[in-house]
Amino acid sequence: MRPLSEKTIALLTDFGLSDNFVGVMKGVILAVNPRVHLVDISHAVNPQDIVEGALLLKSSYAYFPKGSIFLVVIDPGVGSRRKPAIIKTHNYVFVGPDNGVLSIAAQEDRIQEVRCIENEKYFMRPVSNTFHGRDIFAPTAAYLSKGVKHSQFGKVLKSMKKINIQKPTITKHRVGGKVIYIDRFGNLITNISKGILERFTQYRKCTAQIENVRIPSMVDSYQAVKYGKPLAIVGSFGFLEISVNGGSAEKYFKADKNTRVDIIHG
Amino acid sequence: MRPLSEKTIALLTDFGLSDNFVGVMKGVILAVNPRVHLVDISHAVNPQDIVEGALLLKSSYAYFPKGSIFLVVIDPGVGSRRKPAIIKTHNYVFVGPDNGVLSIAAQEDRIQEVRCIENEKYFMRPVSNTFHGRDIFAPTAAYLSKGVKHSQFGKVLKSMKKINIQKPTITKHRVGGKVIYIDRFGNLITNISKGILERFTQYRKCTAQIENVRIPSMVDSYQAVKYGKPLAIVGSFGFLEISVNGGSAEKYFKADKNTRVDIIHG
Amino acid sequence: MRPLSEKTIALLTDFGLSDNFVGVMKGVILAVNPRVHLVDISHAVNPQDIVEGALLLKSSYAYFPKGSIFLVVIDPGVGSRRKPAIIKTHNYVFVGPDNGVLSIAAQEDRIQEVRCIENEKYFMRPVSNTFHGRDIFAPTAAYLSKGVKHSQFGKVLKSMKKINIQKPTITKHRVGGKVIYIDRFGNLITNISKGILERFTQYRKCTAQIENVRIPSMVDSYQAVKYGKPLAIVGSFGFLEISVNGGSAEKYFKADKNTRVDIIHG
């Protein structure tokens, strides 16, 4: 009896859960390797939104077991000449289109090698031009989970497409950031990282400003302000978030992605 | 080779499936114990609705394998002084905040012991103040599934927070209840249990009344009335439900949670 | 130690993911067989829409490992006299109500045997009249996955309920089809199969027409037309689809199910 593979394949797509796309990819994987853990990160990435996918991947990957394979399909260029890629990093393996969606997480975990996926031996045939998640990326992740060597899939790529999250502007008395993601609870996640805040050595004395409202304190928990009141807090993924205790900051401030958030010193 | 753990961890949260919260909790669990079954009960509990979460848990837990661990995170008090808890019952283990969300199911299955989760050895560090699902509850469930003893996590709690579903009022000729949950099909689940109905020994001769409409019979199946017509039936979780054959009682009666439902004798 | 079952049970229902129906079915399965892979195809089938369920099953099943069990619960007749059925086909096993939802996939994979599920030994007791997914279909799938023989569940059925997708009308110069499914991206999947198109031997010279708009070419990838422009393409499940490069054909054409799509020769 073969030992149970303890490999995890974590899936992140913009496929939604209404259609059968995700289920079919899982079927393809299990047909190759029935001894694998399949975990969904999210399938609700805004359709074709590479930046949102890259952000979700960056804030998720490090919580998974070392050696996990991330199967990421946000792929507006499916069927065009964008390359399918495998990125090996210090602790993980990322599989998806070379359109930048993998780049933030992969760079953070230190890239060891980028390869093109081109060996048709590992593809579902015929390969469609509209669903490489099923025909290329899912079987690649599955064969990787079975131990097929990276070098079997294709040649090394010397460069890869990178995207970056727009950095906040920093002046002596002010950090000028913006909302980059809004979660289910209406928390407004900004591009202002804990690291940037800590450069303001007394950052707990700063105030946050959003939509011309000053939020008077940088607090440690939602309950530091009264029920229904807004607050600024370093959230669980290491970025400054604007929240409302017991409510939705999205509704409170009628905010959306790109709403400006400033941190003001003193 | 170690034997496969056959343990199931069942997850119930208000996190939704759009963000990466649930996926990250699963990553944390698999990093501790890669040999566990992860099953979603629901992640669509109305945000911070402890009562709805408690109801869903009550109507779900008994269908899972004995020994299953329920990881329940509906936690409006995250970061405050509400305690994280492990409740051992006759057949199961419940992990979540001590805010009442575990209490209905745990009491029904007979509580053997309630413990506080306080041993930081089993936490993700640093512990955030906004995502104890990831930092405290998920790793606790994972270590429990690996066989770590309950006594390792913290001290016994002598009391726990309890919530109760409002009971219907019962008079000689009438049971006065209300809608407590509405499912995807628009079925209106009331707080009138089969047990209460059976106290009216001839309950099949009762009529249900909702929004001033009398539904003439307590039926055995949806097809007992014509297509598009309403009916009252004891549903699959043991409560009286108002349904429409082939349609939605929610739309038919423009009902919502708290809509009054009466059972009238004779 | 028993070997790990490598069996997959794939679930397809109209239960949605907000309620606990799907989670409870999985609990029931794991209580019978803790060594099984559970994979969701979709739970967002339009409530009680047997045709949509049949289509999703048809376009999914063949990607799963041989021997997989499909647990399909779209069951508007629950509690009536429609029969619960097991269908054994050349490569797979289908479990669900005998209302046609299994028929398109099962016929395509060549039916070997249809049996009624009637042995109460394998049911959850008491059997409700409203949730056979939990009480009959889930435990049947679970016991099948453990190796219980088909003949144990009930007698052979000589006929089964069949449904068919309306075929397009074909004349010398025109194929008259319609939209039968719309996916998350707004792609309009028609009932015009690749096989029908290939009877027009020079089908790449055909044009598609929808809502009086002629789409000038049958293309190989979304990028064959400019960003924001419509196209006709044979999609990943083998049917003609109307899409918009980088957008939604559903919105572009204000289309819905049944919108007419014609293929015109020359």
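Now for a description of the structure that goes with this document. (Residues numbered from 1 in each chain as written. Chains lettered and ligands numbered in written order. Predicted model: local features only at pLDDT ≥ 70, side-chain atom pairs only at ≥ 80, totals over all residues. Heavy atoms only, no water.)

## Concerning the interface of chain A and chain C
Often, the extent of an interface is quoted as the loss of accessible area on bringing the components together.
Then step 1. Each side of the interface is counted separately: chain A has 37 residues, and chain C has 33 residues.
Then step 2. Carbon and sulfur atoms make up 60% of the area that chain A and chain C hide from each other, which totals about 2800 Å².
Then step 3. Of all residues in chain A, Asp19(A), Asn20(A) and Thr130(A) bury the most surface against chain C, accounting for 19% of the area lost on that side.
Then step 4. Connecting chain A to chain C are 0 salt bridges.
Then step 5. Its residues assigned to classes, the side of chain A that touches chain C shows 18 nonpolar, 13 polar and 6 charged. (Contact = heavy atoms within 4.5 Å. Buried area = accessible area lost by both parts, 1.4 Å probe. Salt bridge = Lys/Arg side-chain N within 4 Å of Asp/Glu carboxyl O. Nonpolar A, V, L, I, M, F, W, Y, C, P; charged D, E, K, R; others polar.)

## Digging into the relation of the copies chain A and chain B
Superposition of the two copies of the chain requires a rotation about an axis and a shift along the axis.
Then step 1. The transformation that overlays chain A on chain B combines an axial shift of 0.0 Å with a rotation of 120°, and the residual RMSD is 0.0 Å. Overall, the copies show the geometry of a three-fold rotation axis.
Then step 2. When the interface residues of chain A are mapped onto chain B, a mere 15% of them are again interface residues, pointing to distinct binding faces. (Least-squares fit on C-alpha atoms with pLDDT ≥ 70 in both.)

## Side note on the side chain of Ser221(B)
Then step 1. On the secondary structure map, Ser221(B) appears in the loop between strand 11 (213–215) and strand 12 (230–234).
Then step 2. What makes Ser221(B) buried here is its relative accessible area of 12%.
Then step 3. Excluding its chain neighbours within four sequence positions, the residues that come into contact with Ser221(B) are Leu231(B), Ile233(B), Gly79(C) and Asn129(C). (Helix = DSSP H or I, 4+ residues; strand = E, 2+ residues; numbered from the N terminus. Buried < 20%, exposed > 50% of the residue type's maximum accessible area, 1.4 Å probe, protein only.)

## Here we look at the sheet that holds strand 2 (residues 37–42) of chain C
Residue and element names in this part refer to chain C.
Then step 1. Spatial strand order, 2-1-3-5-4-6: 6 strands in an open sheet with mixed pairing. Here the strands that pair on one side only, and so sit at the sheet edges, are strand 2 and strand 6 (111–116). Between one strand axis and the next, the sheet turns through 20° on average, direction left out of account.
Then step 2. The sheet contact formed by strand 3 (residues 69–73) and strand 5 (residues 93–97) spans 3 bridges and is parallel. Bridge assignment links Phe-70 to a residue of strand 5, and that residue is Phe-94.
Then step 3. Against the sheet, helix 2 (residues 50–58) touches strand 1 (8–13), strand 2, strand 3 and strand 5, its axis set at about 150° to strand 1. (Pairing = 2+ DSSP bridges. Axes fitted to C-alpha atoms, helices over the stretch in contact; angles between N-to-C directions.)

## Overview of unusual backbone geometry
Then step 1. In this structure, the amide linkage connecting Arg125(A) to the following residue, Pro126(A), adopts the cis form with an omega of -10°.
Then step 2. Phi at Arg110(A) is positive, roughly 70°, even though this residue is not glycine.
Then step 3. Among the secondary structure elements, Arg110(A) is positioned in the loop between helix 3 (103–108) and strand 6 (111–116).
Then step 4. Phi at Asn258(B) is positive, roughly 90°, even though this residue is not glycine.
Then step 5. With respect to the secondary-structure elements, Asn258(B) resides in the loop between helix 6 (249–252) and strand 14 (260–264).

## What about the side chain of Thr190(C)?
All names here are of chain C.
Then step 1. Topologically, Thr-190 is positioned in strand 9 (residues 188–193).
Then step 2. Only 3.1 Å separates the side chain of Thr-190 from the backbone nitrogen of Ile-192, close enough to count as a polar contact.
Then step 3. Here the side chain of Thr-190 touches Leu-240 through a polar contact of 2.8 Å, landing on its backbone oxygen.
Then step 4. Setting aside residues up to four positions removed in sequence, Thr-190 forms contacts with Lys-178, Val-179, Ile-180, Phe-239, Leu-240 and Val-261. (Polar contact = N/O pair within 3.5 Å; in protein donor to acceptor, adjacent residues only side chain to side chain.)

## Notes on the sheet that holds strand 1 (residues 8–13) of chain B
Then step 1. Pairing is mixed across the open sheet formed by 6 strands, whose spatial order is 2-1-3-5-4-6 (chain B). Pairing within the sheet leaves two strands with one partner each, and these edge strands are strand 2 (37–42) and strand 6 (111–116) of chain B. The average undirected angle you get between the axes of adjacent strands in this sheet is 20°.
Then step 2. Pairing analysis gives 5 bridges linking strand 4 (residues 84–89) of chain B to strand 5 (residues 93–97) of chain B, with the strands arranged antiparallel. Across the sheet, Ile86(B) pairs through a bridge with Val95(B), a residue of strand 5 of chain B.
Then step 3. In the packing of helix 1 (residues 21–32) of chain C onto the sheet, contacts are made with strand 1 and strand 2 of chain B, and the angle to strand 2 of chain B comes to roughly 145°.

## Focus: the pattern of salt bridges
Then step 1. Counted under the stated rule, the structure contains 30 salt bridges over all chains.
Then step 2. Two residues, Glu52(C) and Lys257(C), come together in a salt bridge whose shortest N-O distance is 2.6 Å. Taken together, the residues span a long stretch of sequence, with Glu52(C) in helix 2 and Lys257(C) in the loop between helix 6 (249–252) and strand 14 (260–264) at a distance of 205 residues.
Then step 3. Of the residues examined, Glu52(C) reaches a relative accessible area of 9% and is grouped as buried.
Then step 4. Looking at Lys257(C), the relative accessible area reads 31%, which means it is partly exposed.
Then step 5. The residue Asp135(C) makes a salt bridge to Arg134(C) at a minimum N-O spacing of 2.6 Å.
Then step 6. Each of Asp49(A), Glu52(A) and Lys257(A) takes part in one network of salt bridges that share partners.

## Some thoughts on the interface of chain A and chain B
Then step 1. The interface of chain A with chain B comprises 33 residues on the first partner and 37 residues on the second.
Then step 2. For the pair chain A and chain B, the summed buried surface comes to about 2800 Å²; carbon and sulfur atoms form 60% of the total.
Then step 3. Looking at the side of chain A facing chain B, the largest losses of area belong to Tyr63(A), Arg184(A) and Phe185(A), adding up to 25% of the total buried there.
Then step 4. At the junction of chain A with chain B, the criterion picks out 0 salt bridges.
Then step 5. The interface formed by chain A and chain B includes 15 residue pairs in polar contact (both at pLDDT 80 or more).
Then step 6. Among the secondary structure elements, those contributing two or more residues to the side of chain A that touches chain B are strand 2 (37–42) and strand 8 (174–182) of chain A.
Then step 7. Considering every element that reaches the side of chain A that touches chain B, the biggest residue donor is strand 2 of chain A, with 5 residues.
Then step 8. The class makeup of the residues in the side of chain A that touches chain B is 17 nonpolar, 10 polar and 6 charged.

None of the figures reported here should be taken as evidence of function without further support.
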